[in-house]
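Coordinate inspection notes
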Amino acid sequence: MNDHLSRKKQSRREFIQKTALAGAGASVLMSNPASLFANNSNSTNMEQNIKSKGYAAFDVSGKLRPWAFERRAVGDNDILIDVKYASICHSDIHQMKGHWGPQQYPQVPGHEIVGIVAAVGKNVTKFKVGDRAGVGCMVDSCMECNSCKHGEEQFCDKGETVFTYGFPEKSSPTGISQGGYSSSLVVRDHFAVHIPENISLQEAAPLLCAGITTYSPLMKANFKIGDKVGVAGIGGLGHMAVKLAVSKGAEVYAFTTTADKVDDIKSFGAKEVIVVNNDLSSLQAYAKTLDYMISTIPYEFNAAPYIICVKPGGTFTFVGMPVRSEITINNLMLAFARVNFNASLIGGIPETQEVVHYCADNQVHPQIEIISADQINEAWEKVINKEARYRYVIDAATF
């Protein structure tokens, strides 16, 4: 009799424990659907599309509004990221407004994305559930060509690079890649990087475009400590270029059209800040002064007065992408200037991981302002009007 009562009590305790656990699990799932996969990467639910929500553009007006959509199921080589922050790049604005060509809508922008890994495919060894991860400007490529095998996936020889938003993607339920202004992201594991613990997620986000886009050409410039490096355009990319060049020992000359940025730029370590006037005459005093110059200006502009600031034999690099991707250069002037000029496009995955670790270890942090999702359109206007200081970072919990 006592044994029977004891078994009944034990059974009742087990029932209560199981019920409590089930209730807790349901509560977690309601607050974070991605957690459904957290403990079992081989669950049949891995075959289901991932419901996501974010902010999307619906036409060339560039006005974003909430949108619920689906991402592909987590594949064998994929990870699911619970997005925590996504920052705003001027490229988001250009592309959503159709400045670089016709777009397919609805389209979710955002290619500076950080969060926590919520699920991994069965072949994934690079990440585990709970890891901090980031995704930048691309999410796939052929992975077989010479460029892809040598860490330059952005230059895939087969032309199969899939950039983070607005590019044809067969696996996407919407037909195109959808970016990081959203609650979740499914991405091939190779195209995500680890975010170390010695940098906050929100400060890491801008490194995935602004950081790598300036770091890559600065490192290839191979300037020496004490060399004079010019940075033209001090916005999201430009302020990172200043900080990175200073951290590498350069004597930095910053060129801006916004006078009220001068004190900020000096605090970033620039030796001198040149406020560029409308007729560009303020550049004349710096002719043949710089060993290297990088331009992050995202508008069409007359590049010649900037180029002549570089010494003969020096190099001028374009990383800003203007409307229609056009700039003005006088060929005769360029011939007399004897300056080498080139352009650079983001960086590969190994170099992106490198810049994240470099900035974390050397405390080269972007200047950020956290905003909520309902402030995105206002923030875009401020970026256009040169009022951003210097990278808006969206709290993904507000989507």
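Values in this document were obtained by computation on a predicted structure and should not be read as measured data. Per-chain numbering applies: the sequence of each chain, read as written, is numbered from 1 onward. For a predicted model such as this one, the threshold for reporting local features is a pLDDT of at least 70, and the threshold for listing and counting side-chain atom pairs is 80 or more; totals across whole chains, interfaces and linings nevertheless cover every residue. For side-chain calculations, the full set of non-hydrogen atoms in the structure is used, while hydrogens and water are omitted.

Attention shifts here to the overall build of the protein. Going along the chain from the N terminus, every DSSP run of H or I of four or more residues is numbered as a helix, and every run of E of two or more is numbered as a strand. Per the secondary structure count, the protein includes eleven helices and 17 strands. Whether a residue is buried, partly exposed or exposed follows from its accessible area with a 1.4 Å probe, protein chains only, as a fraction of its type maximum: under 20%, in between, or over 50%, in that order. Each of the 399 residues in the protein was classed as buried or not, and the buried ones make up 52%. Per-residue and other accessible areas were derived by the Shrake-Rupley procedure at a 1.4 Å probe size, with only the shown protein chains allowed to occlude residues. Carbon and sulfur atoms provide 50% of the accessible area of the protein, an area that totals close to 18,100 Å².

Right, let's talk about the packing of helix H5 (residues 210–221) against helix H10 (residues 349–362) for a bit. Axis separation between H5 and H10 bottoms out at 10 Å; the angle between their running directions is 95°. Here H5 lies roughly perpendicular to H10, going by the angle between them. On the side of H5, the interface is formed by Gly-211, Ile-212, Tyr-215, Ser-216 and Lys-220, while H10 contributes Glu-351, Thr-352, Glu-354, Val-355 and Tyr-358. For the contact of H5 with H10, the class distribution of residues is four nonpolar, three polar and three charged. Lines fitted to C-alpha atoms define the axes here, with helix axes fitted over just the stretch in contact, and angles between the N-to-C directions of these axes take values from 0 to 180 degrees. Angles below 35 degrees are treated as roughly parallel, those above 145 as roughly antiparallel, those between 65 and 115 as roughly perpendicular, and all remaining angles as oblique. The contact definition used throughout considers only heavy atoms, calling two residues in contact when any of these lie within 4.5 Å. Residue type decides the class: Asp, Glu, Lys and Arg count as charged, Ala, Val, Leu, Ile, Met, Phe, Trp, Tyr, Cys and Pro as nonpolar, and the leftover types, Gly among them, as polar.

Attention now goes to the packing of H5 against helix H6 (residues 236–247). Running from N to C, H5 and H6 point in directions that differ by 45°, and their axes come no closer than 8 Å. Accordingly, the angle class assigned to the pair H5 and H6 is oblique. The way H5 lies across H6 gives a crossing that is right-handed. Facing H5, whose interface residues are Ala-210, Gly-211, Thr-213, Thr-214, Tyr-215 and Leu-218, H6 presents Gly-236, Leu-237, Met-240, Ala-241, Leu-244 and Ala-245. For the contact of H5 with H6, the per-class residue count stands at eight nonpolar, four polar and no charged. Handedness of a crossing follows from how the near helix is turned relative to the far one, being left-handed for an anticlockwise turn of less than a right angle and right-handed for a clockwise one.

On to the side chain of Thr-258. Note on placement: Thr-258 falls in the loop between strand E11 (251–256) and helix H7 (262–267). Leaving out residues up to four positions away in the same chain, Thr-258 has contacts with Lys-386 and Arg-389.

Below, the discussion takes up the packing of aromatic side chains. A pair of Phe, Tyr and Trp rings is counted when the ring centres sit within 6.5 Å of each other, with Trp represented by its six-membered ring. The angle between the planes then sorts it: under 30 degrees is stacked, over 60 is edge-to-face, the rest tilted. Under the defined criterion, the tally for this structure stands at 13 aromatic pairs. Both rings, one in Tyr-181 and one in Trp-380, keep their centres 6.4 Å apart while their planes meet at 70°; by these two values the pair is edge-to-face. With Tyr-181 in the loop between strand E7 (162–163) and strand E8 (184–188) and Trp-380 in helix H11 (residues 376–384), this pair connects stretches of sequence that are 199 residues apart. Per residue, the accessibility class of Tyr-181 equals that of Trp-380, and both read buried. Ring geometry for Phe-301 versus Tyr-306: centroids 5.6 Å apart, planes at 85°, classification edge-to-face. Phe-301 sits in the buried class, given a relative accessible area of 13%. Charge-over-ring placement is defined geometrically: NZ (Lys) or CZ (Arg) within 6 Å of the ring centre, and within 35 degrees of the ring normal. In this arrangement the basic side chain of Arg-65 is found over the ring face of Phe-58, its NZ or CZ atom lying 3.7 Å from the centre.

We now examine the pairing of strand E12 (residues 272–275). Strands are labelled as partners when DSSP assigns at least two bridges between them. Bridge count for E11 against E12 is four bridges, and the pairing is parallel. If you follow Phe-255 over to E12, its bridge partner there is Ile-274.

It is worth spelling out the pairing of strand E1 (residues 50–57) at this point. Burial runs high along E1: six of the eight residues are buried. Bridge count between E1 and strand E2 (residues 64–71): eight bridges; the pairing is antiparallel. Within the sheet, the bridge partner assigned to Ser-52 lies in E2 and is Phe-69. The turn linking E1 back onto E2 is made up of six residues, and Gly-62 within it adopts a positive phi angle of 75°.

It is worth spelling out the pattern of salt bridges at this point. Salt bridges are counted wherever a side-chain nitrogen of Lys or Arg sits within 4 Å of a carboxyl oxygen of Asp or Glu. Applying the stated rule across the entire model yields 17 salt bridges. Arg-132 is the salt-bridge partner of Glu-197, the closest N and O atoms lying 3.9 Å from each other. Taken together, the residues Glu-197 in the loop between strand E9 (192–194) and helix H4 (201–204) and Arg-132 in strand E5 (residues 132–135) connect sequence positions 65 residues apart. Residues joined by salt bridges that share partners form a network here, namely Arg-72, Asp-78 and Glu-169.

Here we take up the environment of Ser-182. Mapped onto the secondary structure, Ser-182 falls in the loop between E7 and E8. You can call Ser-182 buried: its relative accessible area is 0%. Taking the C-alpha atoms as reference, Ser-182 lies 9.0 Å from Lys-84; in sequence the two are 98 residues apart. Not counting chain neighbours up to four residues away, the residues in contact with Ser-182 comprise Ser-52, Lys-53, Gly-54, Phe-69, Arg-71, Val-83, Val-108, Ala-396 and Phe-399.

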